[in-house]
Amino acid sequence: MCSSKELEFPLILIDYQHGFLVSKTIFAACELGVFDLLHEVQEPLSAATIASRLSTSEDGMERLLDACVGLKLLKVDLKNNKGYYSNTDVSTMYLVKSSPKTLYYMAMYFSKITYMCWHFLPQAVREGKHQYERALGTTSKDLFETVYRSEEEMTTFMRFMDSTWNLCGKDIVQAFDLSEFHTVYDLGGCTGSLAKQLVSTYKESTVTIMDLPKVVQAAKKHFVTDKEQQIYFLEGDFFNDPLPEADLFIVARIIHDWTEENCIKLLTKMYHSCRPGGGVLIVELLLNEDKSGPVISQMYSLYMLVQAEGKERTPSEYTKLLTVSGFRDIKVKATGKMYDAILGRK
């Protein structure tokens, strides 16, 4: 029940309806290079100086900076009635492009791709399909051809995926004891960021990332160094090409992309290539069993509607997919972070 105060002034609805203004403010500050500049100079700067360095209007920049102060992403010190701005600890760690934990690329992907698609959420709900064609002007029938239209867009997407596992990958690989699985294949493993977390935790394991040829080539070019140990790459389409034999298959942020039919097709294929006693580790956002939350999972389920073919699912729905595909002894582990883990055994 709502209180009379909440009914008199619906603050929560006001906050919700202004949510996109907040996100676009963050995206704009990232895109313009505000946080990177302040990190580079390591001293507070005036709005006029920042505007000059970043080739923007002074008035527009000052308003953007003040909004970031309100969002607690910047600090401001007043000297002679003039504001001098600097990064907060949060923006230094997560919004500076060069930070090991940066979310800059997530912001860029959401701003340039996701935001455009969400403009057509009503159409997605009416039609039950993604909105890439309307939002981005593409006629591609292949979801990933749409995402990877250019090398720049592809690497932005890959860095976005990379940042996710830099934040919560360790929690994922430690959700279950995976030490018995020595030969691991990460299907759609992109940059190998989650694989790095796994081999740093389990020294006896090797991980092979199987992904599309253009993704593997970009990963080797932009993300992998000669010092990487126990991590290998295999070019291939996991739906259409044979899967090598493995102790463990990992599908992280993969199953939620697809329809139930395609999920069962892929999971069954993994089951047949899985060694006896082996398993599959699914990494996804989980919905509550009654689908009452969490809100982030509900939002991502809409995200899947607007941008892919699949949806977010409950633990019992993932258990059903795994059981139909042949897996048994299925366990679900919440990590306390954004992504959770489901392990099925053969």
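Residues numbered from 1 in each chain as written. Predicted model: local features only at pLDDT ≥ 70, side-chain atom pairs only at ≥ 80, totals over all residues. Heavy atoms only, no water.

Draft legend 1. Molecular detail of the state of the cysteines. As enumerated under the stated definition, the model contains 0 disulfides in all. The thiol of Cys274 is not disulfide-bonded; the next cysteine sulfur, from Cys263, is found 17 Å away. The class of Cys274 is buried, set by a relative accessible area of 3%. (Disulfide = S-S within 2.5 Å. Buried < 20%, exposed > 50% of the residue type's maximum accessible area, 1.4 Å probe, protein only.)

Draft legend 2. Broad picture of helix H3 (residues 19-32). End to end, H3 covers 20 Å across 14 residues, agreeing with the expected 20 Å (1.5 Å per residue, within 8%). Buried residues in H3 make contact with helix H4 (34-41), helix H6 (58-70) and helix H8 (104-118). Gly33, located one to two residues past H3, shows a positive phi value of around 90 degrees. (Helix = DSSP H or I, 4+ residues; strand = E, 2+ residues; numbered from the N terminus. Expected span 1.5 Å × (residues − 1). Contact = heavy atoms within 4.5 Å.)

Draft legend 3. Main features of the packing of aromatic side chains. In total, this model carries 12 aromatic pairs according to the counting rule given. Pairing Tyr109 with Phe157 gives two aromatic rings, centres 5.1 Å apart and planes at 55 degrees, and the pair type is tilted. Taken together, the residues span a long stretch of sequence, with Tyr109 in helix H8 and Phe157 in helix H12 (residues 151-173) at a distance of 48 residues. For Tyr109, a relative accessible area of 4% translates into the label buried. Under the relative-accessibility criterion, Phe157 is labelled buried at 11%. Their ring planes at 25 degrees and their centres at 5.1 Å tell us that Tyr109 and Phe160 sit as a pair that is stacked. In this pair, Tyr109 sits in helix H8 while Phe160 sits in helix H12, placing the two residues 51 residues apart along the sequence. The rings of Tyr109, Phe110, Phe157, Phe160, Tyr300 and Tyr303 are connected pair by pair, giving a single aromatic cluster. (Phe/Tyr/Trp six-rings, centres within 6.5 Å; stacked < 30°, edge-to-face > 60°.)

Draft legend 4. Expanded view of the packing of H8 against H12. Put simply, H8 and H12 touch, their axes get as near as 7 Å, and they point 130 degrees apart. On the basis of their axis angle, the class for H8 and H12 is oblique. At the point where H8 passes H12, the crossing takes the left-handed sense. The segment H8 lies against H12, with Tyr105, Met106, Met108, Tyr109 and Phe110 engaging Thr156, Phe157, Arg159, Phe160, Ser163 and Thr164. Of the residues in the contact of H8 with H12, the class split is 7 nonpolar, 3 polar and 1 charged. (Axes fitted to C-alpha atoms, helices over the stretch in contact; angles between N-to-C directions. Parallel < 35°, antiparallel > 145°, perpendicular 65-115°, else oblique. Left-handed = near helix turned anticlockwise from the far one by under 90°. Nonpolar A, V, L, I, M, F, W, Y, C, P; charged D, E, K, R; others polar.)

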